[in-house]
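Coordinates in review
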Amino acid sequence: LQFNSLGTDLYYEFLNLGCKLTASSGSDVPWGGTIGENRAYAYLGKKPFSADAWFEAFQQGRTFTTSGPMLDFRVDEALPGDELRLKADRKLRIRARAWGDPKRMAPMELEIVRHGEVIRTGKSANTNPAEVNLDFTVDGGCGCWLAARARAGDGTTAHTTPVYVVREGLRFWKVDGIKELLDKRESSLAE
């Protein structure tokens, strides 16, 4: 996330190749934007705030990046950055919440993304509060990555680090897209 632009094309390609990448953001000051225009939040749980605790949570991938909306996301009890290990295919419970200042962010839209494709969308029904919740189940399949992203009425966006679902003996990558993704990376390297 930079300049209030959520650039996910390359991010999703590397996730689909099986790379674990923590969601983050930056402000390119003084060349554009303002300091703090885009932020990365890290979930500390019950730990008191400290720089060390924040960096530890960031290292675990317990983050979301935002230019406005706030996000909470869980797959079963796994948090962003966690690896959820499955012995066999089973239902996974997805719970997500997006919210923000009702004066600026209504209406709010929340999406759940699996391997780069939106599998569920929710929209806030009214302007106060500017909030949307999703709670549903999805098959774990052969493994995948799942993330939440949000868009607010004022154009601001947010995105979580994925939860990585790994089925025993398999990976979370997008199996049916590997050849195309590897060809694209090889072409980029050759260039």
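Provided above is the structure to which this section pertains.
Residues numbered from 1 in each chain as written. Predicted model: local features only at pLDDT ≥ 70, side-chain atom pairs only at ≥ 80, totals over all residues. Heavy atoms only, no water.

**Focus: the environment of Phe136**
Counted only if it meets this: The helix count covers DSSP runs of H or I at least four residues long, the strand count covers runs of E at least two residues long, and both are numbered beginning at the N terminus. Any residue under 20% of the maximum accessible area for its type is buried, any over 50% is exposed, and the rest in between are partly exposed; the area is computed with a 1.4 Å probe on protein chains only.
By the secondary structure assignment, Phe136 is in strand β8 (residues 130-139). Looking at Phe136, the relative accessible area reads 8%, which means it is buried. For the pair Phe136 and Ser124, spaced 12 residues apart in sequence, the C-alpha separation works out to 17 Å.

**Points about the environment of Ala40**
Our working definition: Any two residues having at least one pair of non-hydrogen atoms within 4.5 Å are treated as being in contact.
Within the secondary structure layout, Ala40 lies in strand β1 (residues 39-42). Along the sequence, Ala40 and Ala158 sit 118 residues apart, while their C-alpha atoms lie 9.4 Å from each other. Once you skip the residues sitting within four places of it in the chain, Ala40 turns out to touch Ser24, Ser25, Trp54, Phe58, Phe64 and Thr65.

**Here we look at the sheet that holds strand β3 (residues 70-75)**
Selection rule: Note on pairing: DSSP must find at least two bridges between two strands before they are called paired. Helix axes are fitted only over the stretch in contact, all axes being lines through C-alpha atoms; the angle between N-to-C directions runs from 0 to 180 degrees.
Overall, antiparallel pairing links the 3 strands, which are arranged β3-β5-β8 in an open sheet. Two strands lie at the open edges of the sheet, namely β3 and β8, each paired on one side alone. In this sheet, adjacent strand axes meet at a mean angle of 10 degrees when their direction is disregarded.

**Some remarks on the packing of aromatic side chains**
To keep things clear, this is the line we draw: Stacked, tilted and edge-to-face are the three classes assigned to paired rings of Phe, Tyr and Trp, where Trp is represented by its six-membered ring and a pair needs centres within 6.5 Å; plane angles under 30 degrees give stacked, over 60 edge-to-face, the rest tilted. Comment: the charge-over-ring label is applied if NZ (Lys) or CZ (Arg) is within 6 Å of the ring centre and within 35 degrees of the ring normal.
With the rule as written, the count across this model stands at 6 aromatic pairs. The interplanar angle of 20 degrees and the centroid separation of 5.2 Å between the aromatic rings of Trp54 and Phe58 together place this pair among those described as stacked. In this pair, Trp54 and Phe58 are both assigned in helix α2 (residues 51-59), 4 residues apart and thus about one turn of the helix distant. We classify Trp54 as partly exposed; its relative accessible area is 21%. When the centroid spacing of 4.8 Å and the interplanar angle of 50 degrees are considered together, the rings of Tyr164 and Phe172 count as tilted. You can call Tyr164 buried: its relative accessible area is 2%. Here Phe172 falls in the buried class, since its relative accessible area comes to 6%. The rings of Tyr11, Tyr12 and Trp145 are connected pair by pair, giving a single aromatic cluster. The ring of Trp99 carries the charged tip of Arg97 above its face, separated from the ring centre by 3.8 Å. Between Arg120 and the ring centre of Phe136, over which it is positioned, the NZ or CZ distance is 4.1 Å.

**Quick look at the pattern of salt bridges**
Applied cut-off: Should a side-chain nitrogen of Lys or Arg be within 4 Å of a carboxyl oxygen of Asp or Glu, the pair is scored as a salt bridge.
Going through the model one piece at a time under the given rule, you end up with 20 salt bridges. Its salt-bridge partner being Arg90, residue Asp76 comes within 2.8 Å of it at the nearest N-O pair. Of the two residues, Asp76 is situated in the loop between β3 and β4 (83-86) and Arg90 in the loop between β4 and β5 (91-100); the sequence distance between them amounts to 14 residues. For Arg90, a relative accessible area of 35% gives the class partly exposed. Across the salt bridge formed by Arg93 and Asp135, the nearest N and O atoms sit 2.6 Å from each other. Of the two residues, Arg93 is situated in strand β5 and Asp135 in strand β8; the sequence distance between them amounts to 42 residues. Asp135 sits in the partly exposed class, given a relative accessible area of 48%. Through salt bridges with shared partners, a single ionic network connects Glu109, Glu111, Lys123, Arg149 and Arg151.

**Here's the deal with the side chain of Thr63**
For clarity, the cut-off: Pairs of N or O atoms are called polar contacts if they sit within 3.5 Å, as long as, within protein, a hydrogen donor faces a hydrogen acceptor (for residues adjacent in sequence, only side-chain-to-side-chain pairs).
Assignment of secondary structure puts Thr63 in strand β2 (residues 63-66). Within polar-contact distance, the side chain of Thr63 engages the backbone oxygen of Ala23 at 2.8 Å. At 2.7 Å, the side chain of Thr63 and the side chain of Thr161 are in polar contact. Among residues more than four places away in sequence, those in contact with Thr63 are Thr22, Ala23, Tyr41, Ala42, Phe58, Pro80, Thr160 and Thr161.

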